[in-house]
Amino acid sequence: MEKNNRSIRIECPKLLITRNESDLQWLIGSPFFPPLTIISTFRCIHSNSSGPDFPKESEEIRTLLLKGFDVIGALIVGKSDPEKTAARAVEAARTLKKLLTGTTKLENEETIGAVADPDTGDIRFFLSETESSTSFELVNPVSYGDNPEKFVWESGCLLLCQLPIKLPLCYPVNKPSDAESIFSRAIEAVIAKFKDPNVVYLVEASNRGSLDVVQPVILRGSELDFDAAVANIELLDEAAHNSEKKLLQCAHFCLKSKSTLQLFSAENADIIQISVLLNRSEKSPKCSAPAVEYFAAMDETRLLIVDFKLEVLCYAVQGILLMHAISKLIIPGLIDQLISMKKMNLPYLLTQHPELHPYHFCPPGIAHPVTVIYELNYGETEMKQVDARRSLHLRLGLPFDRPLLRIANSLDLSIKSHSSNRSTRKAGSSLLKDVHIGIPGSGVSGGNISLVQGSYEYYHYLQDGFDDSGWGCAYRSLQTIVSWFRLQHYSSVDVPSHREIQQSLVDIGDKDPAFIGSREWIGAIELSFVLDKLLGVVVFLHTPF
């Protein structure tokens, strides 16, 4: 049966289904968007003959998906009965969502079941209104948005919470197996502290577009609301103002206007910084001296310290109250990330602990960021890390011929300047980029046009007040080439100066003095420097992950 009073809205690149497409994709939406709005899709990459491996899928997606986004359905590629296939998709989506939320029942939540024809790519969308419903209704029409970034970021913002934790553990030397249970209890104690009435959340703006100074706001655990579901939270008009801190919205810390389309992106989103503090001082009706208790260990014990560097990024709309943003987004995000890191640490608890660090990416074709936890002990080129990034490329539908999820690709969330729209971070550049764009063709009959893929910075004679007119062409060409490597994130090596290039030539001359001044000398400038300074890049080109 067709449901005519509802419509599917797709705010991501049009779903193109091919014969080699994954047969199951998770549909991503948000409680802050209109119902039945699909903002992105994640491929199911863990499955077997009996269906998806839901524990593995939930474990990875819980880390990957920012709080503020949800799984709202699933898409299955197949030619069998559409309604039965839609029922399978709905059941899979609900099973995954229960694992992600830790609930056993989803109350009155609509779920999309989509069915794609592998030959034509046509997609039919069915809707199941409740978990107990046995009917599936075909939903029409389906509309595609033409500017997903604007849709997501025009009224959206990012919440950032960075929290380093040093967790000391004492375990008996003669019972090392007890270390795991002691570790688990310590993690549970940390999780309980996030909701402690005495915990303090300091909220402040990380970026402002004017000289206005917005004072930080302090919210205590006793002032937060942990009962209301995100879908039931009332969003206030962003233009409304309230001086009571419990009723302050995220908009209080965001820019008041955005005038150009280029501002609508994760890189330029308003960022609200949230810090977690624990208030250990309390008013006492009478004076008392501090007391110290000593508990003697019954057996020989060993001290173990586990380091965590939590960095949680959440998505919210500006109309949500700060107290709801903290209780329903930040705190669940901290808990999920801590549990994920706990699982990654457990196998190595009594040996060398993995060096875990969360990074946030906004790869092309996805309008919202994703979070990935990398293990840094052995560097990015270690094969386990390469395999992990390859799996992420597969899940997110990213091309396999370029690096998009290396650390150099991650979002720079450093604090921006309070005095201007320009950021103090290194993302910007005053150099011209891609100067070939817009230049008319030469008009040569039978000529071929070959264009560079990706961006580069244009280095030319006399740039930066350095007079190299008539002799610096190879130097400038090399600088342009290195800028391409940097902007494509193949390398983080700085663009070399003339002096650094000359030093490279001196090194070559020391090995072969006759080479200096030869016809091949100038051309070798680029090759020698690239091989010397970017050797890792040359090797990396064969493993772009």
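Residues numbered from 1 in each chain as written. Predicted model: local features only at pLDDT ≥ 70, side-chain atom pairs only at ≥ 80, totals over all residues. Heavy atoms only, no water.

The name given to the chain in an unreviewed UniProt entry is Ufm1-specific protease, and the organism recorded there is Gossypium tomentosum.

S.K.: Is there a simple way to think about the overall build of the chain in this case?
M.R.: Looking only at helices and strands, the chain features 10 helices and 19 strands. Looking at the chain alone, contacts between residues at least 24 apart form 70% of all its contacts between residues at least 6 apart. Within the structure as shown, the chain displays about 29,300 Å² of accessible surface, and the carbon and sulfur contribution to it stands at 53%. (Helix = DSSP H or I, 4+ residues; strand = E, 2+ residues; numbered from the N terminus. Contact = heavy atoms within 4.5 Å. Areas by Shrake-Rupley, 256 points an atom, 1.4 Å probe, with all protein chains shown as cover.)

S.K.: Just checking my understanding: could you explain the packing of helix α1 (residues 54-64) against helix α6 (residues 383-396) for this structure?
M.R.: If you want to describe how two helices pack, look at the angle between their axes and the distance between the axes. In the contact formed by α1 and α6, the axes pass within 13 Å of each other and the chain directions differ by 85°. In terms of orientation, α1 and α6 fall into the roughly perpendicular class. Contacts between α1 and α6 involve Glu57, Glu60, Ile61 and Leu64 on the former and, on the latter, Leu392, Arg395 and Leu396. In terms of residue class, the contact of α1 with α6 is built from 4 nonpolar, no polar and 3 charged. (Axes fitted to C-alpha atoms, helices over the stretch in contact; angles between N-to-C directions. Parallel < 35°, antiparallel > 145°, perpendicular 65-115°, else oblique. Nonpolar A, V, L, I, M, F, W, Y, C, P; charged D, E, K, R; others polar.)

S.K.: Even after reading the chapter, I still don't get the sheet that holds strand β16 (residues 271-278), so can you show me in this structure?
M.R.: Backbone-to-backbone hydrogen bonds pair the strands of a sheet. The strands run either parallel or antiparallel. An order of β15-β14-β16-β13-β17 is seen for the 5 strands of this open sheet, with the pairing classed as mixed. Both edges of this open sheet fall to β15 (217-220) and β17 (301-317), since each of them pairs with a single strand only. Pairs of neighbouring strands in the sheet enclose a mean axial angle of 20°, with direction left out of account. On the sheet, helix α4 (residues 178-194) packs against β13 (156-172), β14 (199-205), β16 and β17 and is oriented at approximately 140° with respect to β13. Against the sheet, helix α5 (residues 322-345) contacts β13, β14, β15, β16 and β17, and its axis sits at roughly 140° relative to β17. (Pairing = 2+ DSSP bridges.)

S.K.: Can you help me understand the packing of α4 against α5 in this one?
M.R.: Relative orientation of the contacting elements α4 and α5 amounts to 170°, with a least axis distance of 10 Å. Taken together, the axes of α4 and α5 lie roughly antiparallel to each other. For the pair α4 and α5, contact is made by Phe183, Ser184, Ile187, Val190, Ile191 and Phe194 and by Ile331, Leu334, Ile335, Leu338, Ile339, Lys342 and Asn345, respectively. Looking at the contact of α4 with α5 residue by residue, the classes come out as 10 nonpolar, 2 polar and 1 charged.

S.K.: Can you walk me through the packing of aromatic side chains in this structure?
M.R.: Each aromatic ring pair is specified by the distance between its two centres and by the angle formed by the two planes. Within the structure shown, the criterion is met by 13 aromatic pairs. Residues Trp471 and Tyr475 carry aromatic rings whose centres are separated by 5.3 Å and whose planes lie at 80° to one another, so their mutual orientation is edge-to-face. Classification of Trp471 as partly exposed rests on a relative accessible area of 36%. Three or more aromatic residues joined by ring pairs make a cluster, and in this case those are Phe32, Phe33, Phe69, Phe151, Trp153 and Tyr315. (Phe/Tyr/Trp six-rings, centres within 6.5 Å; stacked < 30°, edge-to-face > 60°. Buried < 20%, exposed > 50% of the residue type's maximum accessible area, 1.4 Å probe, protein only.)

S.K.: In this structure, what is going on with the sheet that holds strand β2 (residues 8-10)? I would like to understand it.
M.R.: The parallel open sheet is built from 3 strands, whose spatial order is β4-β2-β12. Two strands close off the open sheet at either side, each with one partner strand: β4 (37-38) and β12 (142-144). Across 2 bridges, β2 lies against β4 in parallel orientation. Each residue of the ladder has a partner; that of Arg9, found in β4, is Thr37.

S.K.: How should I be thinking about the nonpolar core in this particular structure?
M.R.: Across soluble globular proteins, you tend to see nonpolar side chains buried next to one another. Membership of the largest hydrophobic core comes to 104 residues, with the highest contact counts inside it found for Trp26, Leu159 and Phe308. In terms of residue count, the dominant contributor to this core is α5 (11 residues). Looking at this core, you find at least three residues from each of domain 1 (8-146) and domain 2 (154-280 + 300-409). Listed in part, the 17 residues of the second largest apolar core include Ile8, Ile112, Phe125 and Leu127. (Core = buried A, V, L, I, M, F, W, Y, C linked by side-chain atoms within 4.5 Å. Domains from an automatic or database assignment.)

S.K.: How should I be thinking about a nonpolar patch on the surface in this particular structure?
M.R.: A cluster of nonpolar side chains, Leu432, Val435 and Tyr458, forms an exposed patch at the surface whose accessible area comes to about 250 Å². Tracing the backbone shows Val435 in the loop between α6 and α7 (473-487). We classify Val435 as partly exposed; its relative accessible area is 30%. (Patch = residues over 30% accessible without salt bridge, like charges linked within 9 Å, V, L, I, M, F, W, Y side chains within 5 Å. Salt bridge = Lys/Arg side-chain N within 4 Å of Asp/Glu carboxyl O.)

S.K.: Would you mind going over the side chain of His324 with me for this structure?
M.R.: In this structure, His324 sits in helix α5. Setting aside chain neighbours within four positions, we find His324 in contact with Asp225, Ile233 and Leu329.

S.K.: Quick question: what am I supposed to make of the environment of Asp336 here?
M.R.: Looking at the secondary structure, you find Asp336 in helix α5. Residue class for Asp336 comes out buried when judged on its relative accessible area of 13%. With 236 residues separating them in the primary sequence, Asp336 and Leu100 have C-alpha atoms 9.4 Å apart. Excluding its chain neighbours within four sequence positions, the residues that come into contact with Asp336 are Arg62 and Lys67. Polar side-chain contacts of Asp336 include one of 2.6 Å to the side chain of Lys67. (Polar contact = N/O pair within 3.5 Å; in protein donor to acceptor, adjacent residues only side chain to side chain.)

S.K.: Could you clarify how one ought to interpret the pattern of salt bridges in this entry?
M.R.: Once their charged atoms are close, side chains differing in charge can pair, the charge on each being opposite to the other. For the structure on display, the rule yields 16 salt bridges. Residue Lys67 pairs with Asp336 through a salt bridge whose shortest N-O separation is 2.6 Å. Of this pair, Lys67 sits in the loop between α1 and β8 (70-77) while Asp336 is found in helix α5, placing the two residues 269 residues apart along the sequence. Of the charged contacts in the structure, one is a salt bridge between Arg476 and Asp468, with a shortest N-O distance of 2.7 Å. For Arg476, a relative accessible area of 5% puts it in the buried group. Bridged by salt links that share partners, the residues Glu57, Glu60 and Arg395 form one connected network.

S.K.: Teacher, can you tell me more about the pairing of strand β19 (residues 370-375) here?
M.R.: Regular strands place side chains that alternate from one sheet face to the opposite one. Counting buried positions along β19 yields 6 of 6 residues, so the element is predominantly enclosed. Side chains Val370, Val372 and Tyr374 of β19 all project onto a buried face; the interleaved residues Thr371, Ile373 and Glu375 project onto the opposite face, where all are buried too. As judged from the 6 bridges shared by strand β18 (residues 356-361) and β19, these two strands associate in the antiparallel manner. For His357, the partnering residue across the bridge sits in β19 and is Tyr374.

S.K.: Please explain α5 as it appears in this structure.
M.R.: Since the α-helix advances by 3.6 residues per turn, residues separated by three or four positions end up pointing in the same direction. The first and last C-alpha atoms of α5 sit 32 Å apart over 24 residues, in line with the 34 Å expected at 1.5 Å per residue. Counting buried positions along α5 gives 20 out of 24 residues, so the element sits mostly inside the fold. (Expected span 1.5 Å × (residues − 1).)

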